[in-house]
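# A structural walkthrough
Here is what each chain is made of, one letter per residue.
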Amino acid sequence: DSLTMLSSTFRRAATAAASRSNATINIAQRTMAMGPAQGGEISDELLSKLGSLSTQALVDGLWVMGWPAAQIDGARPLHPSHKCVGRAVTLNFVPARPDIAADKPPGGESPEYEAFEKCGPNEVLVMSSVGPWESVGGDIKFLRLKQRNIGGLVTDGSVRDTDEIINYGFPCFSYSTTARQGPAAMQPWECNGVVSVSGVTVRPGDAIVGDQDGVVVVPAKVAEKVYNIAHGREEIEEIVKEELIKNPGPPGKYYPFMSGKIKVDSPLGKLLATKGITPENSNQFEGSADW
């Protein structure tokens, strides 16, 4: 009987251990199934270099690599002076529902304020709205962003208290402005998850660059390559413009061009050679592409 009881005890212990093990495996599997929210790290140096380029150069760089469109078409500068560059801190809104409002952490523990506190001069808060005309916030909430000296705010929704937000001085890009209240339509639900903004995927830590042409998302995983391609393109475009100013004529002789496809003996290739740009020091030529 003692042996039977001992054996039974061992079986129960083994079953419990197996159950815990399976639970651990299931959690690990689920984590893998979801994937990590952040795709990589961007250094301050690289962030500064990305910010030195135009949004169109960055779009071109991603296009050359064959990546999906990365311009957030629904986000326009609130003021002509607004430009931004920073790592994305994301905030996702969901349509309002009584249980959502009840379950969301209250007051200062709300996901939106969690996101605010993660922001500083090198961060851009990216707010995914449920609709273009819904308000993601106004002067009282965004006073905290001014205090945090935030690098910028980007949303495919709208903002209210426009004059005051402009006075706060941080760059703001939104679909439009509105007098509506936001909580009646949507609730902030998750900080630093993967979000869709105007159909463009944004992961926490991605580089967000905004200027008068719009806002571009540079995935952290390929940010260095995007910079190298885009910077090379901008150098060539400046040379082409200088040549066309010096010798006016149709730009078709030199432009457009495809990165990684410029032929050394083409008119553009010969022009670049006079400026010291060759396949030995540029990735823009045929056979020199490194992506």
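Look up a bit, the structure's there.
The text that follows walks through the structure, step by step, so that each part is easy to find. All figures in this text were calculated on a predicted structure; none of them were measured in a lab.

The geometry of helix 2 (residues 44-51) relative to helix 8 (residues 223-246) is characterised by a closest axis approach of 10 Å and an angle of 35 degrees between their N-to-C directions. The element helix 2 and its partner helix 8 pack so that their crossing is left-handed. Facing helix 2, whose interface residues are L46, K49 and L50, helix 8 presents A223, E224 and Y227. Classifying every residue of the contact of helix 2 with helix 8 gives four nonpolar, no polar and two charged.

A few words on the environment of H231. Mapping H231 onto the fold places it in helix 8. Taking relative accessible area as the criterion, H231 reaches 29% and is therefore assigned partly exposed.

Another point: helix 2. Listed in full, the buried residues belonging to helix 2 are L46, L47 and L50. All buried residues of helix 2 lie within an arc of 105 degrees about the axis, which places them on one face of the element. With respect to the buried face of helix 2, the exposed residues turned more than 90 degrees away are E45 and S48. In this structure, the buried side of helix 2 is in contact with helix 3 (55-65), strand 3 (84-95), strand 12 (207-211), strand 13 (214-218) and helix 8.

On to the packing of aromatic side chains. For the coordinates displayed, the defined rule picks out five aromatic pairs. With a centroid separation of 5.3 Å and an interplanar angle of 90 degrees, the aromatic rings of W133 and Y175 are classed as edge-to-face. In this pair, W133 is assigned in the loop between strand 4 (123-128) and helix 6 (139-147) and Y175 in the loop between strand 7 (172-174) and strand 8 (176-177), connecting sequence segments 42 residues apart. Residue classification places W133 among the partly exposed positions, given a relative accessible area of 42%. Y175 sits in the partly exposed class, given a relative accessible area of 38%. Plain terms: the ring middles of Y255 and F257 are 6.2 Å apart, the flat faces sit at 70 degrees to each other, and that makes the pair edge-to-face. F257 gets classed as buried once you look at its relative accessible area, which sits at 8%.

Let's shift gears to the packing of helix 8 against helix 9 (residues 267-274). Viewed as axis vectors pointing N to C, helix 8 and helix 9 meet at an angle of 95 degrees, and their least axial separation amounts to 11 Å. Between helix 8 and helix 9, the angle is such that the two are roughly perpendicular. Contacts between helix 8 and helix 9 involve I236, I239, V240 and E243 from the first element and L268, L271 and L272 from the second. Class assignment of the residues belonging to the contact of helix 8 with helix 9 gives a composition of six nonpolar, no polar and one charged.

For side chains of opposite charge, pairing can occur when their charged atoms come near one another. Tallied over the entire structure, the rule returns eleven salt bridges. R87 serves as the salt-bridge partner of E123, at 3.8 Å between the closest nitrogen and oxygen. Separated by 36 residues along the polypeptide, E123 in strand 4 and R87 in strand 3 bring together distant segments of the chain. E123 sits in the buried class, given a relative accessible area of 17%. For R87, a relative accessible area of 16% corresponds to the buried category.

For V94, the position within the fold is in strand 3. The class of V94 is buried, set by a relative accessible area of 17%. Those residues in contact with V94, other than ones at most four positions away along the chain, are I100, V130, A185, M186, Q187 and W189.

Calculation criteria
- All residue numbers here refer to positions counted from 1 along the written sequence of the relevant chain.
- Local features are withheld for residues below a pLDDT of 70 in this predicted model, meaning they are given only at 70 or higher, and side-chain atom pairs are given and counted only at 80 or more; totals for whole chains, interfaces and linings count all residues.
- To get the side-chain values, take all heavy atoms of the structure and skip hydrogens and water.
- Interaxial angles span 0 to 180 degrees and are taken between N-to-C directions of axes, which are lines fitted to C-alpha atoms, for helices over the stretch in contact.
- Secondary structure is summarised from DSSP: a helix means a run of H or I of at least four residues, a strand means a run of E of at least two, and numbering begins at the N terminus for each.
- Crossing handedness is read from the near helix: turned anticlockwise from the far helix by less than a right angle, it gives a left-handed crossing, and turned clockwise, a right-handed one.
- Any pair of residues with heavy atoms lying within 4.5 Å of one another is described as a contacting pair.
- The classification used treats Ala, Val, Leu, Ile, Met, Phe, Trp, Tyr, Cys and Pro as nonpolar, Asp, Glu, Lys and Arg as charged, and all other residues, Gly among them, as polar.
- Each residue gets one of three labels from its accessible area relative to the maximum for its type: buried under 20%, exposed over 50%, partly exposed in between, using a 1.4 Å probe on protein chains only.
- Our arc is simply the arc of the directions from the helix axis toward the C-beta atoms.
- Two rings from Phe, Tyr or Trp (for Trp, the six-membered ring) form a pair when their centres are within 6.5 Å of each other. A pair whose planes differ by under 30 degrees is stacked, one over 60 is edge-to-face, and the rest are tilted.
- Each angle is binned into one of four classes, with values under 35 degrees roughly parallel, values over 145 roughly antiparallel, values of 65 to 115 roughly perpendicular, and all other values oblique.
- Should a side-chain nitrogen of Lys or Arg be within 4 Å of a carboxyl oxygen of Asp or Glu, the pair is scored as a salt bridge.

Nothing here speaks to function; it is geometry throughout.
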